[in-house]
Amino acid sequence: MIVSASGMMEQLRRRMPQIIDTAELAVAAGLVALAFVIGHFIGRIVGKRIAAFLDLHDAEERPRYEHVLRASSTIMRALVAAALLAAARYAWDWQLYSEIIVGAGMAIAVAIAVQKLLRALNLGFWTAMAASTALFSILFSATVGGVMPVSNLLDRASFQMGTHRFSLLMLVSAILIGIFLVAGVRLANNAVKLVLGRNKNLDGGQRLLGEKLALVALVIAAFFIGIDLLGIDLTAFAVFSGAFGLAIGFGLQKTFGNLIAGIILLMDRSIKPGDVIAVGDSFGSVNKIGVRAVSVLTRDGIEHLIPNENMMTNEVQNWSYSSRDVRVKIPIGVAYSSDMKLVEELLLRAVKESPRVQNRPAPAVWMAGFGESSVNFEIQAWIIDPEEGVGNVRSDVLKRVWWLFQEHGIEIPFPQREVHVRGAD
């Protein structure tokens, strides 16, 4: 049965009371205010509990989640207020105006909760406003006269395309379902990240792999849930799936290849976030392994995005694959007239005094050979933080060697040439 707008107005006129109960209106307004006050205090308690659960008491980590904590408190306040007002609305036979006050308060509380939730999930201001406004309209319509008149009005705005009928109601429903499914996927994905992040038995690569696999599973589940909610026949995707397969084969081959390569890298654990790698001319630490590319942050602050497929097919030097210990070699030459025993002592002293050089494995000094004008030595030192750079370690050790050589009179030879001019007086 189709309910028109005039029928809705007639229904409202019938429900209008002959005598307005001002006491009931005051009680309804008081209940709305009380519900928001109770929600405010419960939201504060929940926010503190969430902060304690996440162990975000230090100044470095807390700012990263401060907006999430504030949003969770506001969301809880609004949901508690909405639940209390929903219970009050159905627990008593209110007059029309009183029911409008309670229903409007409940709709506002739900809209606030939805708007804050979508904003916290980074779905954009206008998306959050559109979803919260639509939800407020639905709940408020249910209060004043039911949702069916609005649904019928939207369903009348339609057009026919072949055997299929499309209406404004289908478009609005699809948009709202899409927004809430995306929000649900992001919320569930954040929960997975939180659970995996608190598991101390997993390293960074295993956590990232779990997050990627969970995201893929959530997206697939959300897709089929959306298809079911919209009532779309899956047989209609037969042609689309064939076209999609051709698109993957031709246009999206690289995209899906990089996706699979990224998952294989995480499963193989050959490259993990934080590893120090060298690929071609790019040298730096792995900042992130994304769906399409690996982000490598160099010491110059330049972020190189290397496709995942290149990591699978090209030669990659991983300086921290099985161990973070990296050996740095520093060549140096001294004059033949130097005291070689003293030279070795000074070189060992210089390398041991460098703050980033490790005591285990112990640094060593090797005599590398006899050069044309110098005796060549090689300092071998070990560091465990190659992501902080290697050249600065060499520079620090060489400066200390220079100061010690100047103090003890050790000569560092340099090329000299004697020129003889024939026929000159």
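Computed from a predicted model, the values in this text were never measured in an experiment.

Parameters at a glance
Residues numbered from 1 in each chain as written. Predicted model: local features only at pLDDT ≥ 70, side-chain atom pairs only at ≥ 80, totals over all residues. Heavy atoms only, no water. Helix = DSSP H or I, 4+ residues; strand = E, 2+ residues; numbered from the N terminus. Buried < 20%, exposed > 50% of the residue type's maximum accessible area, 1.4 Å probe, protein only. Areas by Shrake-Rupley, 256 points an atom, 1.4 Å probe, with all protein chains shown as cover. Expected span 1.5 Å × (residues − 1). Arc of directions from axis to C-beta. Polar contact = N/O pair within 3.5 Å; in protein donor to acceptor, adjacent residues only side chain to side chain. Pairing = 2+ DSSP bridges. Axes fitted to C-alpha atoms, helices over the stretch in contact; angles between N-to-C directions. Contact = heavy atoms within 4.5 Å. Parallel < 35°, antiparallel > 145°, perpendicular 65-115°, else oblique. Left-handed = near helix turned anticlockwise from the far one by under 90°. Nonpolar A, V, L, I, M, F, W, Y, C, P; charged D, E, K, R; others polar. Phe/Tyr/Trp six-rings, centres within 6.5 Å; stacked < 30°, edge-to-face > 60°. Core = buried A, V, L, I, M, F, W, Y, C linked by side-chain atoms within 4.5 Å.

We now examine the overall build of the protein. Within the protein, the regular secondary structure consists of 13 helices and 10 strands. By the burial criterion, 32% of the 425 residues in the protein qualify as buried. Within the structure as shown, the protein displays about 26200 Å² of accessible surface, and the carbon and sulfur contribution to it stands at 62%.

So, on to helix H12 (residues 340-353). A rise of 1.5 Å per residue sets the reference length of H12, with its 14 residues, at 20 Å; its end C-alpha atoms lie 20 Å apart and thus fit the reference within 8%. When we look at burial in H12, the residues that qualify are Val343, Leu346, Leu347, Ala350 and Val351. Projected down its long axis, H12 shows its buried positions confined to an angular sector of 125°, all on one face. Opposite the buried face of H12, by more than 90 degrees, sit the exposed residues Lys341 and Lys352. The opening residue of H12 is aspartate 339, an N-cap whose side-chain oxygen sits 3.3 Å from the backbone nitrogen of lysine 341.

This paragraph deals with the sheet that holds strand E8 (residues 326-334). Taken in spatial order, the 3 strands of this open sheet run E8-E10-E9, and their pairing is antiparallel. One side of each edge strand has no neighbouring strand; the edge strands of this open sheet are E8 and strand E9 (364-370). Between one strand and the next, the sheet's axes are offset by a mean angle of 25°, whatever the strand orientation. Inspection of the sheet shows E8 paired to strand E10 (residues 375-383) by 9 bridges, in the antiparallel sense. Pairing of valine 326 across the sheet is with isoleucine 383, part of E10. Lying on the sheet, H12 is in contact with E8, E9 and E10; it crosses E10 at an angle near 25°. Here helix H13 (residues 391-408) sits on the sheet and contacts E8 and E10; the angle it forms with E8, its principal contact strand, is near 30°.

Further remarks concern the packing of H12 against H13. Look at H12 against H13: their axes get within 9 Å of each other, and the N-to-C directions meet at 140°. Here H12 is positioned oblique relative to H13, judged by the angle of their axes. For the crossing formed where H12 meets H13, the hand is right-handed. Contacts between H12 and H13 involve Leu342, Val343, Leu346, Leu347, Arg349, Ala350, Val351 and Glu353 from the first element and Val397, Arg400, Val401, Leu404, Phe405 and His408 from the second. By residue class, the composition of the contact of H12 with H13 is 10 nonpolar, 1 polar and 3 charged.

Counted according to the given criterion, the structure contains 2 aromatic pairs. Aromatic side chains phenylalanine 223 and phenylalanine 224 sit 5.4 Å apart centroid to centroid with 80° between the ring planes, which places their arrangement in the edge-to-face category. On the basis of relative accessible area, phenylalanine 223 is assigned to the partly exposed category, the value being 43%. Of the residues examined, phenylalanine 224 reaches a relative accessible area of 45% and is grouped as partly exposed. With 6.5 Å between their ring centres and 20° between their planes, tyrosine 336 and phenylalanine 370 make a pair best called stacked. Of this pair, tyrosine 336 sits in the loop between E8 and H12 while phenylalanine 370 sits in strand E9, and the two are 34 residues apart along the sequence. The exposure class assigned to tyrosine 336 is partly exposed, which follows from its relative accessible area of 43%. The exposure class assigned to phenylalanine 370 is exposed, which follows from its relative accessible area of 62%.

With that out of the way, let us pick up H13. Counted at 1.5 Å a residue, the expected span for H13 with its 18 residues is 26 Å, and the 26 Å between its end C-alpha atoms agrees. Among all positions of H13, only Val393, Val397, Val401, Leu404 and Phe405 are buried. Burial along H13 is one-sided: seen end-on, the buried residues are contained in an arc of 100°. Turned more than 90 degrees away from the buried face of H13 sit Trp403, Gln406 and Glu407, all of them exposed.

Turning next to the nonpolar core. One recurring pattern in soluble globular proteins: nonpolar side chains tend to sit buried together. The biggest cluster of nonpolar side chains holds 24 residues, and the ones touching the most others in it are Val334, Val343, Leu347, Phe377, Ile379, Val401 and Phe405. Only E8, H12, E10 and H13 provide two or more residues apiece to this core. Ignoring sequence-local partners within four residues, the contact set of phenylalanine 377 consists of Ile330, Pro331, Ile332, Val334, Met340, Val343, Glu344, Leu347, Val365, Trp366, Met367 and Ala368. By size, the runner-up hydrophobic cluster in this structure holds 19 residues, among which are Ala35, Leu85, Trp94 and Leu118.

As a further point, take the pairing of strand E4 (residues 282-289). A regular strand carries its side chains on alternate faces of the sheet. One ladder, built from 4 bridges, connects strand E3 (residues 276-279) with E4; its direction is antiparallel. If you follow valine 279 over to E4, its bridge partner there is serine 282. Between E3 and E4, which pair antiparallel one after the other, the connecting turn spans 2 residues, and glycine 280 there sits at a positive phi close to 65°. When E4 meets strand E5 (residues 293-297), the two strands line up antiparallel, connected through 4 bridges.

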